[in-house]
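Coordinate analysis (summary)
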Amino acid sequence: MSLTPLLAASMRPRTNGKKSQGPFDLTYYLKGALAGGLCCSITHGALCPVDVVKTRIQLEPQKYNRGMIAGFGQVIAAEGVGALATGLGPTVVGYFIQGWFKFGGVEFFKINFARKLGEEKAWEMRIPIYLGAAACAEFIADIFLCPLEATRIRLVSNPEYASGLISAMPKIIRDDGFIVGFYSGFGPILLKQIPYTMAKFAVQGAAAEKIWAATGINSNTTSEGTKLAVSLSSGVIAGVAAAIISHPADTLLSLVNKQGAGGEGSIMTRLGRLAYEMGFVKLCLTGLGARCVMIGSLTAGQFGIFDTIMTMTGASKFKFTNPNEQH
């Protein structure tokens, strides 16, 4: 049974003459997934050099202890400019897959939660809807992302391990086994990515609302350029907030995927040792500046590219609407 008639009915105007939204069918969700895959792949790929330096700072703070700018110089001096592209293959592939499920999933869960609640209740509950939709979508996305993120970190921490994605993945399976090699970081990646994505979508939605309200511009009638500017601005705010919230888990994820890190034992035992050795303050602050720059830029770019691709494909994005507000 198609969701389109049900969703259209739930979003139909009541007394104020607003247009109904949709259709939100399989084609819409595929457009959202494609836009999400492209925006995540492009932004993470473009910021791969920043991620290389950030990961080095997290893995070897004794050596890379002079900040992000100096870290670039250290990496280039020691290994050449090409080292800044280490892990580019798994980054581009992994984040395309993750973005497909994350952005497509957020649209799917958000719209269907709103449909279940109805327009008025959905407006009142829009922040919890953002949070719940983001958590559900990110959990699914991380199942696919984790092996590629583990491969990326292995390559960044040891550039001589393999020449790239294709050669690294079978070698990891031979050395550590499928579960240990690819899913040692699944707990940390969930602890990192789920709060990160929840904050990212909820803060971006709230920030965009505040920007529209502060400027007095009607988002329904303004130009595409203005909409893009709001997407970028709210994306920066969301990215910095999400980076701060998820940074301790990001540091642990970088550490646990380094070969031999945390010693023997279960994943949780290894994580506990690493957290104790690192200390709470260092977990929260090591590499945070680089990550805020990276995630702030990345998140702004993602929302900007996502909205642009959705417009190019002719998809009209779902919006929470205030049933008491005239448009």
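Predicted, not measured: the structure shown is a model, and the values here were computed from it. (Residues numbered from 1 in each chain as written. Predicted model: local features only at pLDDT ≥ 70, side-chain atom pairs only at ≥ 80, totals over all residues. Heavy atoms only, no water.)

If you look at the biggest cluster of nonpolar residues, it comprises 41 residues, and the most contacted ones within it are Tyr28, Phe103, Phe201, Phe318 and Phe320. When contributions to this core are tallied by element, the ones reaching two or more residues are helix H2 (26-46), helix H5 (88-117), helix H6 (119-124), helix H7 (126-157), helix H8 (165-176), helix H9 (178-183), helix H10 (186-215) and helix H14 (288-312). Among the elements that take part in this core, H7 stands out by supplying 10 residues, more than any other. With 20 residues, the next largest nonpolar core counts Ile57, Phe72, Leu84 and Cys292 among its residues. (Core = buried A, V, L, I, M, F, W, Y, C linked by side-chain atoms within 4.5 Å. Buried < 20%, exposed > 50% of the residue type's maximum accessible area, 1.4 Å probe, protein only. Helix = DSSP H or I, 4+ residues; strand = E, 2+ residues; numbered from the N terminus.)

A few words now on the state of the cysteines. By definition, a disulfide links two cysteine residues through a covalent bond between their sulfur atoms. Inspection of every chain in the model, using the stated rule, returns 0 disulfides. Unpaired in terms of disulfides, Cys136 finds its nearest cysteine sulfur in Cys40, a separation of 18 Å. (Disulfide = S-S within 2.5 Å.)

A separate point is the side chain of Glu138. Summarising the element assignment, Glu138 is placed in helix H7. Residue contacts for Glu138: discarding those within four places in its chain leaves Gln98, Lys102, Gln193, Ile194 and Thr197. (Contact = heavy atoms within 4.5 Å.)

A separate point is a nonpolar patch on the surface. The grouping of Phe139, Ile140, Ile143 and Phe144 at the surface amounts to a nonpolar patch, some 320 Å² of accessible area in total. Following the sequence through the fold, Ile143 ends up in helix H7. Using a relative accessible area of 32% as the deciding quantity, one classes Ile143 as partly exposed. (Patch = residues over 30% accessible without salt bridge, like charges linked within 9 Å, V, L, I, M, F, W, Y side chains within 5 Å. Areas by Shrake-Rupley, 256 points an atom, 1.4 Å probe, with all protein chains shown as cover. Salt bridge = Lys/Arg side-chain N within 4 Å of Asp/Glu carboxyl O.)

A separate point is the pattern of salt bridges. Overall, the coordinates contain 11 salt bridges when judged by the stated rule. Glu107 serves as the salt-bridge partner of Lys110, at 3.0 Å between the closest nitrogen and oxygen. Note that Lys110 and Glu107 are positioned in helix H5 at a spacing of 3 residues, about one turn of the helix. By relative accessible area, Lys110 is classed as buried at 6%. Residue class for Glu107 comes out buried when judged on its relative accessible area of 4%. The partner of Glu124 in a salt bridge is Lys121, with the nearest N and O atoms 3.9 Å apart. Pair noted here: Glu124 and Lys121 are both in helix H6, with a separation of 3 residues, about one helical turn. With a relative accessible area of 40%, Lys121 lands in the partly exposed category. Where salt bridges share partners, they join Asp51, Glu149, Arg152 and Lys192 into one cluster.

Mean pLDDT over the chain: 85, with 92% of residues reaching 70 or higher. Mean pLDDT across the elements of the chain bottoms out in helix H1 (residues 4-10) (45) and peaks in H2 (95). Within the model, the stretch residues 1-17 combines pLDDT values under 50 with 32 contacts to residues more than four positions away or in other chains. (pLDDT = per-residue confidence, 0-100.)

Let us now look at H7. Residues separated by three or four positions in an α-helix point in the same direction, a consequence of the helix having 3.6 residues per turn. Its 32 residues place the ends of H7 only 41 Å apart at the C-alpha level, less than the 46 Å of an ideal helix rising 1.5 Å per residue. At Leu145, H7 is bent by approximately 45°, the largest bend along its length, and proline Pro147 sits one to four residues beyond. (Expected span 1.5 Å × (residues − 1). Bend = angle between axes of the 7 residues up to and from the residue.)

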